[in-house]
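What the coordinates show
Listed below, chain by chain, are the residues.
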Amino acid sequence: MTLCYCQSGEPLISCCKPFLDGQKSAASPEQLMRSRFTAFVSRDWPYVMRTWHPEFRPTCTLDELSAEAEESQWLNLTVMDSSQNGNNGQVEFCAWYRDHSGLHVHHERSSFIYEQSEWFYTQGVFLPTPSEFKLKPNMPCPCGSTKKYKKCCGKFL
């Protein structure tokens with residue numbers, strides 16, 4: 001059983017996979033954000049584009065999006081806050097990714113809108129890295145291993 005990449009602790013097959021497969025629609029901004037993270041991990045670019053509100057969606061093609069993301073690997077997600085007010089929602093999260101230069105944290109407050117019975121991502125605001133997400137030698141490695149950072153990904157720096 002593969003656990004879902006969104007860090008829900010649920011099996012992928014019953015958590016985010018039904019959204020990516022088009023069998024279900026997200027019931028909340030947080031659920032959509034988690035499924036989009038899963039799409040980034042699994043490189044499901046059609047889902048990423050389909051859940052991006054058309055007025056905010058970039059003009060790039062799926063091939064361009066795929067090529068741009070080729071260098072990165074999304075690893076870990078922490079949802080810090082989620083709110084919904086009518087047809088608008090926000091989710092604040094930190095997501096770890098690895099690229100050619102090492103591990104990085106992506107801290108964002110994303111905005112969502114509910115239209116035509118669907119939630120859509122509109123845009124995000126990048127935020128400073130919270131102190132609890134700054135890499136320290138003895139913290140658990142954000143890559144998901146059970147090792148300390150200094151004994152895992154930190155040893156390559």
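Residues numbered from 1 in each chain as written. Predicted model: local features only at pLDDT ≥ 70, side-chain atom pairs only at ≥ 80, totals over all residues. Heavy atoms only, no water.

Core analysis: the largest hydrophobic core is formed by 28 residues, its most contacted members being Cys16, Leu77 and Phe112. The residues touching Cys16, leaving out its near neighbours within four places in the chain, are Cys4, Cys6, Arg34, Ser35 and Thr38. The next biggest cluster of nonpolar side chains, apart from the first, holds eleven residues, and it includes Leu103, Phe133, Met139 and Cys141. (Core = buried A, V, L, I, M, F, W, Y, C linked by side-chain atoms within 4.5 Å. Buried < 20%, exposed > 50% of the residue type's maximum accessible area, 1.4 Å probe, protein only. Contact = heavy atoms within 4.5 Å.)

A word on the environment of His106. Here His106 is to be found in strand 3 (residues 102–115). A relative accessible area of 17% means that His106 is categorised as buried. Ignoring anything within four residues of it in the chain, the contact list for His106 reads Trp74, Phe93, Cys94, Ala95, Tyr97 and Phe126. (Helix = DSSP H or I, 4+ residues; strand = E, 2+ residues; numbered from the N terminus.)

Attention shifts here to the pattern of salt bridges. When charged atoms on two side chains of opposite charge get close, those side chains can pair. What the rule picks out here adds up to two salt bridges. Of the charged contacts, one joins Asp21 and Lys17 as a salt bridge, the two residues approaching to 3.1 Å between their closest N and O atoms. Look at Asp21 and you get partly exposed, because its relative accessible area is 41%. By relative accessible area, Lys17 is classed as partly exposed at 33%. Across the pair Arg34 and Glu30 runs a salt bridge whose closest N-O atoms are separated by 3.0 Å. One end of the pair, Arg34, and the other, Glu30, are both in helix 2 (residues 29–42), four residues apart, so they sit about a helical turn from each other. Judged by its relative accessible area of 24%, Glu30 is partly exposed. (Salt bridge = Lys/Arg side-chain N within 4 Å of Asp/Glu carboxyl O.)

A cluster of basic residues, Lys147, Lys148, Lys150, Lys151 and Lys155, forms a positive patch on the protein surface. You can call Lys150 partly exposed: its relative accessible area is 39%. (Patch = residues over 30% accessible without salt bridge, like charges linked within 9 Å, V, L, I, M, F, W, Y side chains within 5 Å. Areas by Shrake-Rupley, 256 points an atom, 1.4 Å probe, with all protein chains shown as cover. Lys, Arg positive; Asp, Glu negative; His and termini not counted. Charge placed at Lys NZ, Arg CZ, Asp CG, Glu CD.)

On to the pairing of strand 1 (residues 73–85), then. As paired elements, strand 1 and strand 2 (residues 88–99) share eleven bridges and run antiparallel to each other. Counterpart to Gln84 in the pairing with strand 2 is Gly89. (Pairing = 2+ DSSP bridges.)

Summed over the entire model, instances satisfying the criterion amount to zero disulfides. Here Cys6 is not cross-linked by a disulfide; its sulfur's nearest cysteine counterpart is in Cys4, at 3.7 Å. Assessed through its relative accessible area of 0%, Cys6 is described here as buried. Between Cys15, a cysteine without a disulfide, and Cys6, which holds the nearest cysteine sulfur, the sulfur-to-sulfur distance is 3.7 Å. (Disulfide = S-S within 2.5 Å.)

For the rest of this paragraph, the subject is the packing of aromatic side chains. Following the criterion strictly, the structure yields seven aromatic pairs and no others. Their ring planes at 85° and their centres at 5.4 Å tell us that Phe40 and Trp45 sit as a pair that is edge-to-face. An angle of 75° between the planes, with centres 5.8 Å apart, marks the rings of Phe40 and Trp74 as edge-to-face. With a gap of 34 residues between them, Phe40 in helix 2 and Trp74 in strand 1 connect regions that are remote in the sequence. By way of ring pairs, the aromatic residues Phe37, Phe40, Trp45, Trp74 and Tyr97 are connected into one cluster. (Phe/Tyr/Trp six-rings, centres within 6.5 Å; stacked < 30°, edge-to-face > 60°.)

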